[in-house]
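# Structural characterization, general
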Amino acid sequence: KGKKAGRRQVIAFDPDMLGDERHRRFVERELRAALLMDELELHYQPVFGTDMRVRSHEALLRWRHPVRGMIPPIQFIGIAEESDLIDKLGEWVVRRACADLAVLGTPVAVNVSPAQLRRSDFARQLGAMVAEAGIDPTRLIVEITENVPMIAGAVEQANLDAIRTLGLKVAIDDFGAGHASLQYLRGFAFDIIKIDRSYVANLGDNRIDAMIVGAICDIARSLQVDVIAEGVETEQQLEKLRLAGCSAFQGYFLGRPQALSRLDIASAA
Ligand code: C2E
Ligand code: MG
Ligand code: MG
Ligand code: MG
């Protein structure tokens, strides 16, 4: 381990230093190396329909660092978003997910940062990758994930429209967690709402959260879009979500994110 890692273990990762400029530059450099050294992985978490069959998988990025081990996206996506690295990561994610689609046998959702949507040629590049992979575009879902606040300006809206014109589906991720979730509803067209897991967590004992989940499901029904509940960790939460009218469910209670090789593909729709 030591020899292969070489100089890369000289400075250790320290999450407490995340705000530190030196740390940011270090992670950025390590990430560029990671792309070249093939240290990134996609793990897949199943999403279940009301019939409790797997109807899609969400691709979640992991970084298998030679020294630090598995690093979760929260520790590096934000840093990547500050430079062109997020575009390179995003490209890698889409190519990998397209390649894995055939094995998975279900549609796949990839997470896309507002920083990527701000690039005027994002949709065109996405379309090119989908065409190159030769996959059915309706099997790819783009989750708009909000680590940096999204201001749905003209470029973002044009990208989202173009993505849907290509035949891909668009999901609003972590709905209710961002500062402007309701703005998104009238800002652009989309196919899926994902209820943020913070609302699911307290479903058992918080009346307000239960009301909000119900209201989001009502909105989804009126708009005729799907609604996926995130972070389902208990059977009781699942029951409440079913009663609220959720159309799909995702969470540790039903299935954890796993490497493609470890997924139980037999359960896939
Ligand atoms: P997300 O898109 O909302 O993904 C769901 C997160 O919740 C994942 O964390 C997943 O592992 C976790 N999760 C799933 N079920 C449960 C549950 O029952 N309980 C709890 N407590 N957590 C659950 P993960 O993989 O650490 O990803 C965190 C975030 O990083 C994602 O949130 C997404 O915003 C971002 N992300 C992940 N992959 C990518 C990517 O390829 N590109 C971009 N731009 N962002 C990514
Ligand atoms: Mg997501
Ligand atoms: Mg989410
Ligand atoms: Mg998120």
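The following refers to the structure shown. Each chain has its residues counted from 1, following the order in which its sequence is written. Lettering of chains starts at A and numbering of ligands starts at 1, both following the order in which they are written. Totals for whole chains, interfaces and linings use every residue, but because this is a predicted model, local features are given only for residues with pLDDT of at least 70 and side-chain atom pairs only at 80 or more, for both listing and counting. Where side-chain values are given, they derive from all heavy atoms of the structure, hydrogens and water being excluded.

### Thoughts on the side chain of Glu28
We count it as follows: Numbering of helices and strands runs from the N terminus, with a helix taken as a DSSP run of H or I at least four residues long and a strand as a DSSP run of E at least two residues long. For every residue, the accessible area obtained with a 1.4 Å probe (protein chains only) is divided by the maximum for its type, and the residue is called buried under 20%, exposed over 50%, and partly exposed between those limits.
Take Glu28: it is sitting in helix 2 (residues 21–37). The class of Glu28 is buried, set by a relative accessible area of 15%.

### Focus on the site of ligand 1
Test applied: Any residue with at least one heavy atom within 4 Å of a molecule or strand is counted as near it. Polar contacts, as counted here, are pairs of nitrogen or oxygen atoms within 3.5 Å of one another; within protein the pair requires one atom able to donate a hydrogen and one able to accept it, and residues that are adjacent in sequence qualify only if both atoms are side-chain atoms. Using a 1.4 Å probe, the Shrake-Rupley method yields the accessible areas, and only the shown protein chains count as cover for residues. Under the convention adopted here, Pro, Cys and the residues Ala, Val, Leu, Ile, Met, Phe, Trp and Tyr are nonpolar, Asp, Glu, Lys and Arg are charged, and Gly plus all remaining residues are polar.
Close to ligand 1 lie 22 residues; Arg62, Asn111, Asp173, Glu233 and Tyr252 are nearest. At 2.8 Å, a side-chain N or O of Arg62 approaches an oxygen atom of ligand 1. Side-chain polar atom of Arg197 to an oxygen atom of ligand 1: 2.9 Å apart, as the coordinates give it. Across the complex, the protein chains shield 87% of the 800 Å² of accessible surface that ligand 1 would expose by itself. Considering each element in turn, the shell around ligand 1 owes the most residues, four residues, to strand 2 (residues 54–65). Classifying every residue of the shell around ligand 1 gives eight nonpolar, six polar and eight charged.

### Here's the deal with the packing of helix 2 against helix 4 (residues 85–104)
Cut-off, in case you're wondering: As a rule, the C-alpha atoms of each element are fitted with a line to give its axis, helices using only the stretch in contact, and angles between N-to-C directions run from 0 to 180 degrees. An angle below 35 degrees is treated as roughly parallel, one above 145 as roughly antiparallel, one from 65 to 115 as roughly perpendicular, and anything else as oblique. Here is the rule for handedness: rotate from the far helix to the near one, and if that takes an anticlockwise turn smaller than a right angle the crossing is left-handed, while a clockwise turn gives right-handed. We call two residues in contact when some of their heavy atoms are within 4.5 Å.
Contact geometry for helix 2 and helix 4: axes closest at 11 Å, N-to-C directions at 30°. Taken together, helix 2 and helix 4 sit at an angle that is classed as roughly parallel. Here helix 2 runs over helix 4; the crossing is left-handed. Contacts from Glu28, Leu31, Arg32 and Leu35 of helix 2 reach helix 4 at Leu85, Lys88, Leu89 and Trp92. Within the contact of helix 2 with helix 4, the residues separate by chemical class into five nonpolar, no polar and three charged.

### A word on the pairing of strand 5 (residues 140–144)
What counts here: Pairing between strands requires that DSSP locate at least two bridges from one strand to the other.
Burial analysis of strand 5 places five of its five residues in the buried class, the great majority of the element. On strand 5, burial covers both faces: Leu140, Val142 and Ile144 on one face and Ile141 and Glu143 on the other are all buried. Note that strand 4 (residues 108–112) and strand 5 share five bridges and pair parallel. Residue pairing across strands places Asn111 opposite Glu143, the latter belonging to strand 5.

### Section: the packing of helix 4 against helix 6 (residues 122–133)
The N-to-C vectors of helix 4 and helix 6 enclose an angle of 25°; their axes lie 10 Å apart at closest approach. Here helix 4 lies roughly parallel to helix 6, going by the angle between them. Both helix 4 and helix 6 take part in a crossing whose hand is right-handed. Contacts between helix 4 and helix 6 involve Glu91, Val94, Arg95 and Cys98 from the former and Leu126, Met129, Glu132 and Ala133 from the latter. Partitioned by chemical class, the residues of the contact of helix 4 with helix 6 number five nonpolar, no polar and three charged.

### Brief notes about the coordination of the magnesium ion (ligand 3)
Our working definition: Only nitrogen, oxygen and sulfur atoms qualify as donors, provided they sit within 2.8 Å of the metal or within 3.2 Å for Na, K and Ca; with water excluded from the atoms, sites may seem incomplete.
Distances from the magnesium ion (ligand 3) to its protein donors, Asp173 (OD), Asp174 (OD), Glu230 (OE) and Glu230 (OE), fall at 2.0 to 2.3 Å. One chain supplies every donor to the magnesium ion (ligand 3), and in sequence these donors are spaced D-D-x55-E. Accessibility expressed as a relative area gives 7% for Asp173, which makes it buried.

### Side note on the environment of Gly214
Mapped onto the elements, Gly214 comes out in helix 10 (residues 207–223). For the pair Gly214 and Leu241, spaced 27 residues apart in sequence, the C-alpha to C-alpha distance is 8.2 Å.

### Focus on the packing of aromatic side chains
To keep it simple, the criterion reads: We call Phe, Tyr and Trp rings a pair once their centres come within 6.5 Å, taking the six-membered ring for Trp, and we label the pair stacked below 30 degrees between planes, edge-to-face above 60, and tilted otherwise. Lysine and arginine charges are scored as sitting over a ring when NZ or CZ, respectively, is within 6 Å of the ring centre and within 35 degrees of the ring normal.
In total, this model carries one aromatic pair according to the counting rule given. Over the ring of Tyr252 we find Arg256; its NZ or CZ atom is 4.0 Å from the centre of that ring.

### Structural notes on unusual backbone geometry
The backbone phi angle of Asp38 is positive, close to 65°, even though this residue is not glycine. Overall, Asp38 belongs to the exposed group, its relative accessible area being 59%. Backbone geometry at Met52 places phi at a positive 65°, although glycine is not the residue there. Within the secondary structure, Met52 sits in the loop between strand 1 (40–49) and strand 2.

### Some words on helix 11 (residues 235–244)
Let me state the cut-off plainly: Working definition: the arc comes from the directions between the helix axis and the C-beta atoms, pointing outward to the latter.
Buried within helix 11 are the following residues: Gln237, Leu238, Leu241 and Ala244. Considered in projection along helix 11, the buried side chains sweep an arc of 125° and stay on one side of the axis. Exposed residues pointing more than 90 degrees away from the buried face of helix 11 are listed as Glu235 and Leu243. A positive phi of about 100° marks Gly245, the residue just after helix 11.

### Details of the nonpolar core
Quick note on the threshold: To define a nonpolar core, start from buried Ala, Val, Leu, Ile, Met, Phe, Trp, Tyr and Cys residues and group those joined through side-chain atoms within 4.5 Å.
One finds Tyr44, Leu61, Phe76, Ile163, Ile193 and Leu241 to be the most contacted residues of the largest nonpolar core, which totals 74 residues. Apart from residues no more than four positions distant in its own chain, Ile163 is found in contact with Leu117, Phe122, Ala123, Leu126, Val142, Leu168 and Val170. Residues Ala109, Ile141, Ile192 and Ala248 belong to the second largest nonpolar core, which totals seven residues.

Take it as geometry only, folks, not as evidence of what the structure does.
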